[in-house]
Amino acid sequence: MLQPFDDTYYMKKALQEAEAAYEKGEVPIGAVIVIQDRVIARAHNLTEQLNDVTAHAEMQAITAAANFLGGKYLQNCTLYVTLEPCQMCAGALYWSQISKIVYAAKDPQRGCGVMGTKLHPKTEIIGGLMENEASDLLKRFFIERRNMN
């Protein structure tokens with residue numbers, strides 16, 4: 001019998017997406033959405049490429065997952081994201097009724113927890129999974145950006 005994948009497996013997939021964003025010069029945040037041990041959406045930040053402030057990894061993943069499922073609700077789905085969702089993304093996640101959010105690094109300035117943004121009452125949220133890996137990638141990105149200017 002096949003063993004289900006664990007949260008770390010899927011967070012590694014989200015980190016791969018963050019690396020893809022990094023390679024494109026985007027803030028390195030990645031996301032995947034999973035249902036029944038199957039990745040149904042993978043995304044990363046595209047704000048620079050699309051010239052769109054709403055093109056966060058989570059927003060891209062929500063749209064892809066909804067298209068895959070053929071409906072707007074993401075019940076029984078889990079989002080794995082490398083940075084705590086911002087207020088905008090948390091609002092979209094609220095309306096999607098996603099069942100679980102697992103994030104890596106906390107965002108002490110703009111994260112939904114700091115901003116006091118409410119998530120759907122049935123949404124479970126877990127933070128800190130692979131936090132060091134996600135934080136290191138973000139720090140490296142911003143250090144390189146500062147040195148370029």
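Labelled according to an unreviewed UniProt entry, the protein chain appears under the name tRNA-specific adenosine deaminase, originating from Zobellia amurskyensis. In the Subunit (unreviewed entry) part of its UniProt record, the protein chain is described as follows: "Homodimer." Within the UniProt record for the protein chain, the comment given under Catalytic activity (unreviewed entry) is "adenosine(34) in tRNA + H2O + H(+) = inosine(34) in tRNA + NH4(+)".

Caption draft 1: Focus on the pattern of salt bridges. Enumeration over the complete set of coordinates arrives at 3 salt bridges. Residues Arg-140 and Glu-19 are paired through a salt bridge, measuring 3.9 Å at the closest nitrogen-oxygen approach. Placement of Arg-140 in helix H6 (residues 131–148) and of Glu-19 in helix H1 (residues 7–23) is noted, with a sequence separation of 121 residues between them. A residue is classified by how much of its surface remains accessible, and Arg-140, at 38% relative accessible area, is partly exposed. On the basis of relative accessibility, which here comes to 33%, the residue Glu-19 falls in the partly exposed class.

Definitions and limits used
- Residues numbered from 1 in each chain as written.
- Predicted model: local features only at pLDDT ≥ 70, side-chain atom pairs only at ≥ 80, totals over all residues.
- Heavy atoms only, no water.
- UniProt positions renumbered as here; feature names shortened; annotations may be inferred.
- Salt bridge = Lys/Arg side-chain N within 4 Å of Asp/Glu carboxyl O.
- Helix = DSSP H or I, 4+ residues; strand = E, 2+ residues; numbered from the N terminus.
- Buried < 20%, exposed > 50% of the residue type's maximum accessible area, 1.4 Å probe, protein only.

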